[in-house]
Amino acid sequence: MVRTAFPAVPLSRRPLTPSDDEVRLWYENALGWPTVPGVPVRLAVGVRFDVLDVPAEAGYAALERLERSGGLGRGFPVALEGGRMRLLVAAGSAEELPGLLEWLDWGALTLDLVAIGAGGLMDAPCPPGAVADGDAGGGAGGDAGPAARPLTPVRDGSQGAAVWLRPPEPGRGAEASLPTLSAMGTRGGARGDRDVPPDLVPLVNTVATQIHRVWLRRACAAAAVRADGQPLAFS
């Protein structure tokens, strides 16, 4: 059979970046997550989930440590935006956070940890399977579920638009994977079991530890820079 070669003609295709209406419909129809009117699309926090907003550097370190210690860092949705990481946790967790930090002996320190609960908003990342402008794949979905996707840094989320590092899974009850407070860190079921959501207690404790370590490292680096600029003093 003779095959005829034709000049390469770009095929028309839908833009990789979905419209605001498509984004809104995906969240409301596929996940049942309410949005608020306006552009860009924002998710209403405190209805189906709360958010822990942390520095991305500390967030990566915390999730990696939790995964190594028994899979508690796996499964639940995680987003990035502007150098911040958004950890989605069970609705009501924001109200529990101050008391939980006190119980974990973190109450005396000022941590770069923001809890967003009822009445709060979160920019809606591009749905999985779509590629945001300039995205190198951080928000794309695939055959592997969120728990199987490695926690590799995503550049776009640190520069501007919100992207999913680990997107929610439609059709599986996205809230079922969210970390929740359960008997102050004790829960029945095997650790790492996808049918059992992670505990909020080890998540918060690990995140707080990593935030404090980042702060200490930066404070020490700043002190070293200041010391380098000072003349030596002799008695």
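Before any of the text, the structure's been laid out above.
Residues numbered from 1 in each chain as written. Predicted model: local features only at pLDDT ≥ 70, side-chain atom pairs only at ≥ 80, totals over all residues. Heavy atoms only, no water.

Participant: What is the right way to read the pairing of strand E3 (residues 50–55) from this model?
Facilitator: Put simply, side chains in a regular strand alternate between the two faces of the sheet. Burial runs high along E3: six of the six residues are buried. Bridge analysis of E3 against strand E5 (residues 84–89) gives six bridges, and the strand direction is antiparallel. Along E5, the bridge assignment pairs Pro55 with Arg84. Relative to strand E6 (residues 114–116), E3 runs antiparallel, the two sharing three bridges. Pairing of Val51 across the sheet is with Ile116, part of E6. (Buried < 20%, exposed > 50% of the residue type's maximum accessible area, 1.4 Å probe, protein only. Helix = DSSP H or I, 4+ residues; strand = E, 2+ residues; numbered from the N terminus. Pairing = 2+ DSSP bridges.)

Participant: What should I look at first to understand the environment of Glu22 in this one?
Facilitator: Secondary-structure assignment places Glu22 in helix H1 (residues 20–31). C-alpha of Glu22 to C-alpha of Pro127: the two residues are 105 residues apart in sequence and 9.1 Å apart in space.

Participant: Can you walk me through unusual backbone geometry in this structure?
Facilitator: The step from Val39 to Pro40 runs through a cis peptide bond, and the omega angle for that step is 0 degrees. Within the secondary structure, Pro40 is located in the loop between strand E1 (35–36) and strand E2 (42–44). With phi around 65 degrees, Asp105 is a residue other than glycine that occupies positive phi space. For Asp105, the location among the structural elements is in the loop between helix H3 (93–103) and E6. A residue is classified by how much of its surface remains accessible, and Asp105, at 69% relative accessible area, is exposed.

Participant: Is there a simple way to think about the side chain of Asp53 in this case?
Facilitator: Structurally, Asp53 can be placed in strand E3. Within polar-contact distance, the side chain of Asp53 engages the side chain of Arg84 at 2.6 Å. Excluding residues within four positions of it along the chain, Asp53 makes contact with Arg84, Met85, Arg86, Asp112, Leu113, Val114 and Ile116. (Polar contact = N/O pair within 3.5 Å; in protein donor to acceptor, adjacent residues only side chain to side chain. Contact = heavy atoms within 4.5 Å.)

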